[in-house]
Structure formats: structure tokens, C-alpha cells
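# Coordinate inspection notes
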Amino acid sequence: MSDRKKLIIVGVLALQGSYHEHLAHLTSLFEDLSNDKEYNLKYEFESREVKKVEDLDSLNGLILPGGESTTMSILLQRNGLLEALKRLIQIDKLPCWGSCAGLILLCNEITNTNIDLSGKNVEKSMRYKSIGGLDVRVHRNSFGRQLDSFSEKFTLENFDGELHNAEFTCVFIRAPVIKDVLSLETRQPEEAPHSDTENRIVRATYIGDIVNRAKPEVLLRLGSNEKDSMIVAIRQGNVFGTSFHPELVKGDYRMHKWFIDRFILDSI
Ligand SMILES: NC(=O)CC[C@H](N)C(=O)O
């Protein structure tokens, strides 16, 4: 008699942004995996929209979609998800992947945060806050006007497993870029509230275990030398971030599979 299959539940934050696209990619992927012996003997997969704290129950992994990180930050604070996610990601080490706006919310330092604070969706009294998890400084809307949106094929030299050296179409939409990897020793405390300026840095409150933290690994860097420092994909332990949107590339869910293999199944 075979052991019972393990149920793997992957949540997608569904407050705003490209969550339908992530869910559609997961549905296609899970269908493929249900026909693949290597997986179907051991696992059953399910996806779930995450809109409130209760939806986080028994998740094995979580995806934060692209969209508008200011709006998402406000909504996360309003319904208590921000604090719950901080604990799950920073302390319980829930595998988590953020694309674009989702990446921004996973960064410990964010610059260029003021742009949308005058927007109609935003309560001015609320501060932009991030969940944190990646010891990096990210700059929002980093490509300027002409390159606001573009897509380009890159070779994923630094990804491992099935994505190693794969050609991948990366879609950038008002994308953020990681400018610096921060060192744990120089980490600053969360900044006190202050008025918004172009160079304001938002820092996530750090609540996890500093000693056992994994090191950030750069997975994709644009430009030919390190000084350009246009990091657009990064991993730090249980947290993965891409500046681009794999969920918007029709029929290609290789990166979703990679996240499930490398972050969720590898940690079981
Ligand atoms: N495509 C996106 O997710 C854009 C992110 C957006 N510029 C932000 O800062 O939230």
C-alpha cells in the first residue's frame, strides 16, 4: 500500500495586480504535474487566493504578484496581513516569491517610494511599509520613461536545476531594480515616520533570526559589469524575487515549476 500523498498548497496574494495570471500558470502547471509520475505518486497540488489572514493557514508557499506595491502595502496593513506575513516569511521561513511589485514588498529597503502617495487609492496617513525578507535595497520604477515597459530574452546562467542556462522571456513593466545587497552588520532600524521625499528609504522591521540568515544570491543581473548593479532576480533562503513578470508570459510556467521544486519541495 502506498503512503498517502502530501497536499501542497500554494497561495497567491489576491488583493490587487496580476494574481489571476499567477493562478492560471499554477493551474496549468499542476495539471502537468498530475500526469508526471515523479510528482503524482507523492504530491497533490492546490492553489489558493489569499485575501485575509485566515487564508494563510497550512500554506506551503506563497506568491506575491505584480501590480502596484503602494496599494498592496496599504491593503496589507489594513487587513492585518502585513504583520502575519512578516512572521511567516521572516521567522517561519515560508517559501515566498514576489514578482515586480511583489518583489518590492519583500525587500528590506525601498527607495523612490513617494510616487504614488498622492494617488487616490492611498490614505496619506498610512505609511508605505514592506514585509521584508530580502537584505537588499530596491529602487522602484527604475527604468525611466522610454523603457517603462519592455520584454527581452535572457539566459538564466545563475539559476540551477531545470532553469540553468535556460532562455527566458522577461517582461518588465515599470519595473524595480535591486541596486544594493545590504550587509547584516550595517542594517539600520526601521525609519521613523517623516514627510515623503524623492529619496526617502522605507525599511522593513526586522523580526527574524539574524544569525541563521541565508546569504542573498544574485540570480540575474542586467548589464555587463557588477558596477551597473541592475539586479533583477535574487534569492535569499526561502525568499525569491524577480523584477519581471513570468506570470505574463503565456504558456511558459517553467519559473513557477522552479519555485515549487527549489523552494517548496526542497524544504519539505
Ligand atoms: N509591474 C509592476 O508590478 C510595477 C510595480 C510598480 N512600479 C510599483 O512600484 O509598485
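Residues numbered from 1 in each chain as written. Predicted model: local features only at pLDDT ≥ 70, side-chain atom pairs only at ≥ 80, totals over all residues. Heavy atoms only, no water.

- The protein chain has the name glutaminase in an unreviewed UniProt entry, where Pichia membranifaciens is given as its organism.
- Regarding the protein chain, the relevant UniProt record gives this comment under Catalytic activity (unreviewed entry): "L-glutamine + H2O = L-glutamate + NH4(+)".
- The Sequence similarities (unreviewed entry) comment attached to the protein chain in UniProt states, word for word, "Belongs to the glutaminase PdxT/SNO family." (UniProt positions renumbered as here; feature names shortened; annotations may be inferred.)

### Concerning the nonpolar core
- One finds Phe159, Phe172 and Ile260 to be the most contacted residues of the largest nonpolar core, which totals 43 residues.
- Of all the elements in the fold, those that place two or more residues in this core are β1 (6-13), α1 (19-34), β2 (43-50), β7 (149-155), β8 (167-173), β11 (217-222), β12 (230-236) and α6 (254-264).
- Ignoring anything within four residues of it in the chain, the contact list for Ile260 reads Val10, Leu26, Leu29, Phe30, Phe45 and Leu265.
- Membership of the second largest hydrophobic core comes to 34 residues, among which are Leu88, Val202, Ile234 and Val239. (Core = buried A, V, L, I, M, F, W, Y, C linked by side-chain atoms within 4.5 Å. Buried < 20%, exposed > 50% of the residue type's maximum accessible area, 1.4 Å probe, protein only. Helix = DSSP H or I, 4+ residues; strand = E, 2+ residues; numbered from the N terminus. Contact = heavy atoms within 4.5 Å.)

### Digging into the site of the ligand
- All residues in the neighbourhood of the ligand are listed as Gly66, Gly67, Glu68, Ser69, Cys100, Ala101, Ile104, Arg140, Asn141, Ile173, Arg174 and His245.
- In the environment of the ligand, a nitrogen atom lies 2.5 Å from a nitrogen or oxygen atom belonging to the side chain of Asn141.
- Coverage of the ligand by the protein amounts to 96% of the 300 Å² it exposes when considered alone.
- Considered class by class, the residues forming the shell around the ligand number 4 nonpolar, 5 polar and 3 charged. (Near = heavy atom within 4 Å. Polar contact = N/O pair within 3.5 Å; in protein donor to acceptor, adjacent residues only side chain to side chain. Areas by Shrake-Rupley, 256 points an atom, 1.4 Å probe, with all protein chains shown as cover. Nonpolar A, V, L, I, M, F, W, Y, C, P; charged D, E, K, R; others polar.)

### With respect to helix α4 (residues 81-91)
- Counted residue by residue, α4 has 8 buried out of 11 residues, so it is predominantly covered.
- All of the buried residues along α4 are Leu81, Leu82, Ala84, Leu85, Lys86, Leu88, Ile89 and Gln90.
- As for α4, its buried residues are in contact with β1, β2, β3 (61-64), α3 (69-78), β4 (96-99) and β13 (239-242).
- Downstream of α4 by one or two residues, Lys93 has phi in the positive range, about 60°.

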